[in-house]
There are 2 protein chains.
Amino acid sequence: MAEDEARDEGEFEIIARIFAPLARETGALDLKDDAAVLMVSEGHELVVTCDTLVEGVHFLQNDPPRSIGHKALAVNLSDLTAKGARGYVYTLSLALPKGTGTFWIEEFAAGLSDVQAETDISLIGGDTTATPGPPTITITALGLVSHQHAVMRLGASRGDRLYVSGTIGDAYLGLRLLGEPNLAETWGLTDEDVAFLVDRYRRPAVNNRLAILIRNFAQASIDVSDGLVGDIEKLCRVSHVGASIETARVPFSNAGMKVLAREPSLLPILITAGDDYGVVAAVSEKSGPGFESEAEAAGAVFSMLGTVAEASEGVRAVDAKGQAIPLKRKGFSHF
Amino acid sequence: MAEDEARDEGEFEIIARIFAPLARETGALDLKDDAAVLMVSEGHELVVTCDTLVEGVHFLQNDPPRSIGHKALAVNLSDLTAKGARGYVYTLSLALPKGTGTFWIEEFAAGLSDVQAETDISLIGGDTTATPGPPTITITALGLVSHQHAVMRLGASRGDRLYVSGTIGDAYLGLRLLGEPNLAETWGLTDEDVAFLVDRYRRPAVNNRLAILIRNFAQASIDVSDGLVGDIEKLCRVSHVGASIETARVPFSNAGMKVLAREPSLLPILITAGDDYGVVAAVSEKSGPGFESEAEAAGAVFSMLGTVAEASEGVRAVDAKGQAIPLKRKGFSHF
């Protein structure tokens, strides 16, 4: 692990005390070198993904640092899961303002550790540096998948069923509630509902155990990070297909359903807001029942929410009567 | 490649037009997915390193964006070189302030391309995002090395010769000249000298072709990023040895020697300033002559500047008479 800053404790000590325990692979050399050495077992391919979180853009200044660590790793795992890959190792770049306390770093590392405990992934190296800007975290995650078994955006065909894991829109509602706490009353939410939704914003579910289902059953897959409809559209664009999404089948949490009961007009927003970090899988009609029973056996929650169509039909959200629902936007963009 | 911002042109188009040409590996999928798939050929190990550059910390606001792209990739390659690994692929995280023009991005990518042209490495994926802070670039580079042939900081033994590639202190002098242009006159430098030194600060040498020499001859190695003496000390700490560095043998450029002739007191600073991005190799006495002749045949410039000593002797810089030179600090720290 490279280091170019020193705190009270010294960067060597910070790395040795706080981050080295996260480095389980021998090749990480306890983070004592500035590079790590990795074996890739025969017959396997490496899946590589990279996501950056910036304070004020991807998380809030007041978010607990433990949740920031959790989120940074979980969003990368979500990309690996969508490719059918099991997490292996990751590098961590941590750019922090001068004066960031060791408590922040310890809690951040605890969030990484929480996610590691649920998966096979571990820290392999990285860089720590000072920044005059906001805390900025980049993780490059490497996953493993059997040779030629990676699942990509390309591969969906007309007639495939579209499934999504987890529930949709919770993170959006959590973020809204953080900004406008009074909405809890408007939406008729209990304190538990609010806590649940805020937690979904701060700590996306760690979904890497779904990778094996994706690998075994999906023709194509994508993680839902920038909005359900927009991400399905990305998958469809690369696969040269269209899709029909039945909004009546989109999975919402109990808290989400409470909000929708009070404010049905939020539906188009929930299915286009970001930060869900579930995975969308296109599964052939024939494999559908097998996928569903394996998912159930694994305790994984997937909802069938539509079908793949011809490219000429585009990507449409339709209500229970088959009427297209107009969407102002399909996914998240920073501008 | 993940994308979560859009400019005039749209992020999809930016990635397709500017970055996809840098992605040579099939597994990069023309950056159309949010993950890449990689083969690691049998009998090889992967070397992983990660470096972050922040504007105002690792480069200057007025540095040409092409040089920033060059530097971001070159400093990562320097870590791979020190491990004896040849560059394979890298991920790029680019956090840019809103309003950064496409010209900046094009020039930045041209700098990456310049470095790619000198090596085997290519872009495999990444993330682009907006930041309210300064431009922040993180590259995670993957290199390949034959099984169990990676060279680490650990492995130097008493009596090994210490070699360093390139010249020392040029980047420090270039940075000083950018801050105080009048120093050119004080130091008796021509415009060419100044341009050379500034370029060494902005565009560290691409040294990956040295990897094979390191792999075949070095017992231990480290790249010189935080100051020659400090980095040798890091190598020695992990190898449980000491070292004696003969300052009379430290390689300086012609411009560097001009400065030292006028201001000899800069010597302790040049050997402890950062940003050199050469490699230090510990080579056994027996292998020394073979290393030197192979290096010469390859057109690589390595200078023998000292020997590895007992740990109890520490890491010392000594003058031509064998007198220890006092150093205020041994390497670079941000605080």
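About the thresholds
Residues numbered from 1 in each chain as written. Chains lettered and ligands numbered in written order. Predicted model: local features only at pLDDT ≥ 70, side-chain atom pairs only at ≥ 80, totals over all residues. Heavy atoms only, no water. UniProt positions renumbered as here; feature names shortened; annotations may be inferred. Helix = DSSP H or I, 4+ residues; strand = E, 2+ residues; numbered from the N terminus. Contact = heavy atoms within 4.5 Å. Buried area = accessible area lost by both parts, 1.4 Å probe. Salt bridge = Lys/Arg side-chain N within 4 Å of Asp/Glu carboxyl O. Polar contact = N/O pair within 3.5 Å; in protein donor to acceptor, adjacent residues only side chain to side chain. Nonpolar A, V, L, I, M, F, W, Y, C, P; charged D, E, K, R; others polar. Pairing = 2+ DSSP bridges. Buried < 20%, exposed > 50% of the residue type's maximum accessible area, 1.4 Å probe, protein only. Domains from an automatic or database assignment. Axes fitted to C-alpha atoms, helices over the stretch in contact; angles between N-to-C directions.

Asker: Before we go on, may I ask you to explain the UniProt feature "domain: PurM-like N-terminal" (unreviewed entry) in chain A in this structure?
Answerer: Within the UniProt annotation, "domain: PurM-like N-terminal" (unreviewed entry) is assigned to residues 33–145 of chain A. Along residues 33–145 of chain A one finds 30% helix and 39% strand; the C-alpha atoms at either end are 27 Å apart.

Asker: What is the right way to read the interface of chain B and chain A from this model?
Answerer: Accessible area lost upon the coming together of the parts is a frequently used measure of interface size. Counting residues at the interface gives 61 residues for chain B, matched by 62 residues for chain A. Across the chain B to chain A interface the summed buried area is about 5,200 Å²; carbon plus sulfur atoms make up 59%. Applying the counting criterion to the chain B and chain A interface returns eight salt bridges. Of the charged contacts, one joins Arg-153 of chain B and Asp-33 of chain A as a salt bridge, the two residues approaching to 3.8 Å between their closest N and O atoms. Where chain B touches chain A, the interface holds 26 residue pairs in polar contact (both at pLDDT 80 or more). At the level of elements, strand E1 (2–3), strand E2 (36–38), strand E3 (44–54), strand E4 (86–96), strand E5 (122–130), strand E6 (136–146), strand E8 (218–224) and helix H8 (228–239) of chain B are the ones that each hand at least two residues to the side of chain B that touches chain A. The dominant element in the side of chain B that touches chain A, judged by the number of residues it contributes, is E3 of chain B, at nine residues. A breakdown of the residues in the side of chain B that touches chain A according to their chemical character gives 27 nonpolar, 15 polar and 19 charged. In terms of strand pairing, strand E2 (residues 36–38) of chain A meets E3 of chain B through three bridges, oriented antiparallel.

Asker: What am I meant to see in the UniProt feature "binding site: Mg(2+) 3" (unreviewed entry) in chain A here?
Answerer: Residues and elements named next belong to chain A. As annotated in UniProt, the feature "binding site: Mg(2+) 3" (unreviewed entry) corresponds to Asp-34, Asp-79 and Asp-223 in the numbering used here. For the annotated residues, spread through 190 residues, the largest C-alpha to C-alpha distance comes to 31.5 Å, inconsistent with a single compact locus. Looking at where Asp-34 falls in the secondary structure, it is placed in the loop between helix H1 (11–19) and E2. Counting through the fold element by element, Asp-223 comes out in strand E8 (residues 218–224). Overall, the relative accessible area of 1% leaves Asp-223 in the buried class. A distance of 3.0 Å separates a polar atom in the side chain of Asp-223 from a polar atom in the side chain of Ser-78.

Asker: Whenever I open this one, the domain arrangement of chain A confuses me. Can you help?
Answerer: All names here are of chain A. Here the domain parsing of chain A yields domain 1 (2–146) and domain 2 (161–318). Each of domain 1 and domain 2 has a C-alpha centre, and the two are 26 Å apart. Residue-level contacts link 26 residues of domain 1 with 21 residues of domain 2. Buried surface at the junction of domain 1 and domain 2, summed over both partners, amounts to about 1,800 Å²; 56% is from carbon and sulfur atoms. Seen at the junction of domain 1 and domain 2, the total is one salt bridge. Taking the shortest distance from any N to any O, the salt bridge between Asp-63 and Arg-202 comes out at 2.8 Å.

Asker: Could you clarify how one ought to interpret the sheet that holds E8 of chain B in this entry?
Answerer: Backbone hydrogen bonds hold the strands of a sheet together, and the pairing may be parallel or antiparallel. Residues and elements named next belong to chain B. Spatially, six strands are ordered E8-E10-E7-E11-E9-E12 in an open sheet, and the strand pairing comes out mixed. With one partner strand each, in any of the chains shown, E8 and strand E12 (315–318) form the two edges of the open sheet. On average, each strand axis in the sheet is tilted by 25° relative to the strand beside it, whichever way the strands run. Pairing between strand E7 (residues 161–165) and strand E10 (residues 278–283): four bridges, direction antiparallel. Residue pairing in the sheet places Val-164 in a bridge with Val-280 of E10. Here helix H2 (residues 65–82) sits on the sheet and contacts E8 and E10; the angle it forms with E8, its principal contact strand, is near 165°. Where H8 meets the sheet, its contacts fall on E7, E8, strand E9 (242–246), E10, strand E11 (302–309) and E12, and the angle it forms with E8 comes to roughly 140°.

Asker: Where do I start with the pattern of salt bridges in this structure?
Answerer: One side chain can pair with another of opposite charge once the charged atoms of both are near each other. The tally for this structure, following the rule as stated, stands at 32 salt bridges over all chains. A salt bridge links Arg-161 of chain A to Glu-292 of chain A, with the shortest nitrogen-to-oxygen separation between them at 3.2 Å. Of this pair, Arg-161 of chain A sits in strand E7 (residues 161–165) while Glu-292 of chain A sits in helix H11 (residues 288–297), and the two are 131 residues apart along the sequence. Taking the relative accessible area as the measure of exposure, Arg-161 of chain A reaches 18% and is therefore buried. Residue classification places Glu-292 of chain A among the partly exposed residues on the basis of a relative accessible area of 36%. In this structure, the salt-bridge partner of Arg-66 of chain B is Asp-114 of chain B, at a minimum N-O distance of 2.8 Å. A residue pair is termed long-range when its members are at least 10 positions apart, and Arg-66 of chain B in helix H2 and Asp-114 of chain B in helix H3 (residues 102–117) qualify at 48 residues. Given the relative accessible area of 26%, Asp-114 of chain B is considered partly exposed. Among the ionic contacts, a cluster of salt bridges with common partners joins Asp-33 and Asp-34 of chain A together with Lys-83 and Arg-153 of chain B.

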